[in-house]
Amino acid sequence: MEFVVISGISGAGKSQAADILEDLGFYCVDNLPAALIPRFAELALSARGQYERVALVTDARSQEGFDVLFAALDEMVAMGCPYQILFMDASIETLVRRFKETRRRHPLDPGGRGLEEAIRQEKHQLLPVRDRANFIVDTTGLTLGQLQRKLFQLFMAAESNDKPIHVNVVAFGFKYGIPMDSDLVFDVRYLPNPFYLDELRPQTGLDKPVREFVFSHPQAVTFMRHLNEMVSFLLPLYMEEGKPSLTISIGCTGGRHRSVALAAALTEGIAVQGYMVEQINRDIEKKML
């Protein structure tokens, strides 16, 4: 089991780091008291593979807190559950700006009158945890996308050949509305419609005769070539920005024939490139009018 303890300075991005690790397949728990970490580890180990990757957000700002945290981590190692510490940090100027922008009070400055001094005090208090950290991520100047890429490099890239983006290809019918979560939408209603052929009407774009009909028209072949080229160009750029998923929607009138056939071809092309991809035929079971 992979066990990551997320700690660090208030406002440096601990919650964002947990959210990103959750997107990467970790089971995340926020604000777990340090004393409960070994008990949670026992439960996770006894779940027989249900929790292969776990990330916990925890804090300790006093000597007593450090003693409890470090004792808990040593107990985990003794039970055969190694861990890594991810420490989130940022510059004092950045942290001051973030607290001002969000109007949050610093936990060491409940009165809100000595923010900079409270941040300095917390940085000093957390030095023992920082010194034991396996990874220190300074979020000064980082965008969310850059933080996503950084954490992927730390926790996923070395052990996975999968590319860090999941693609959904959705075939839909415009008569039922555009999928709300679409990132890219393509209208293929300009293609000849199999619906008007009696022998093809009961079939769908998943059936060979319909696909052959759709791609017997040169405009469909040309469109598919350009679409594959564009998606191949865009996916690395989306990954560079840290986007975890992309929804590409292809629509025809009813969502049963043309859009399904083209979505299947696009899904195949994306899969060949090594991306995680899934085809969703949203309206294929809708009653034909």
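The present account deals with the structure reproduced in this document. (Residues numbered from 1 in each chain as written. Predicted model: local features only at pLDDT ≥ 70, side-chain atom pairs only at ≥ 80, totals over all residues. Heavy atoms only, no water.)

## What about the layout of surface pockets?
- Its volume calculated, the largest pocket comes out at about 460 Å³.
- Along the walls of the largest pocket sit 22 residues, with G11, A12, G13, K14 and Q16 positioned nearest its centre.
- Mapped by element, the contributors of at least two residues to the lining of the largest pocket are α1 (14-23), α4 (92-102) and α7 (144-155). (1 Å grid on protein atoms, 1.4 Å probe; cavity = no way out; pocket = protein on both sides within 12 Å on 5 of 7 lines; lining within 4 Å. Points joined across faces, edges and corners; volume = space filled by probe spheres on them. Helix = DSSP H or I, 4+ residues; strand = E, 2+ residues; numbered from the N terminus.)

## Considering the state of the cysteines
- All chains considered together, the criterion is met by zero disulfides.
- With no disulfide of its own, C81 has C28 as its nearest cysteine by sulfur position, at a separation of 15 Å. (Disulfide = S-S within 2.5 Å.)

## A few points about α7
- The terminal C-alpha atoms of α7, which comprises 12 residues, lie 16 Å apart, in line with the 16 Å expected from a rise of 1.5 Å per residue.
- Where the residues of α7 are buried, they touch β1 (2-8), α1, β3 (53-57), β4 (84-89) and β5 (135-138). (Expected span 1.5 Å × (residues − 1). Contact = heavy atoms within 4.5 Å.)

## Quick look at the pattern of salt bridges
- For the structure shown, the criterion picks out 14 salt bridges.
- Put simply, R130 and D89 hold a salt bridge, and the shortest N to O gap is 3.1 Å. Of this pair, R130 sits in helix α6 (residues 127-132) while D89 sits in strand β4, and the two are 41 residues apart along the sequence.
- Residue class for R130 comes out partly exposed when judged on its relative accessible area of 31%. (Salt bridge = Lys/Arg side-chain N within 4 Å of Asp/Glu carboxyl O. Buried < 20%, exposed > 50% of the residue type's maximum accessible area, 1.4 Å probe, protein only.)

## Focus on the sheet that holds strand β9 (residues 276-281)
- Read across the sheet, four strands follow the order β7-β8-β6-β9 without closing on themselves; strand pairing throughout is parallel. Of all strands in the sheet, those with a lone pairing partner are β7 (184-187) and β9, marking the two edges. Across the sheet, the mean angle from the axis of one strand to that of its neighbour is 15°, orientation sign disregarded.
- By the bridge criterion, six bridges tie strand β6 (residues 166-173) to β9 in an arrangement that is parallel. Bridged to N168 within β9 is E278.
- Lying on the sheet, helix α9 (residues 218-240) is in contact with β6, β7 and β8 (245-252); it crosses β7 at an angle near 175°. (Pairing = 2+ DSSP bridges. Axes fitted to C-alpha atoms, helices over the stretch in contact; angles between N-to-C directions.)

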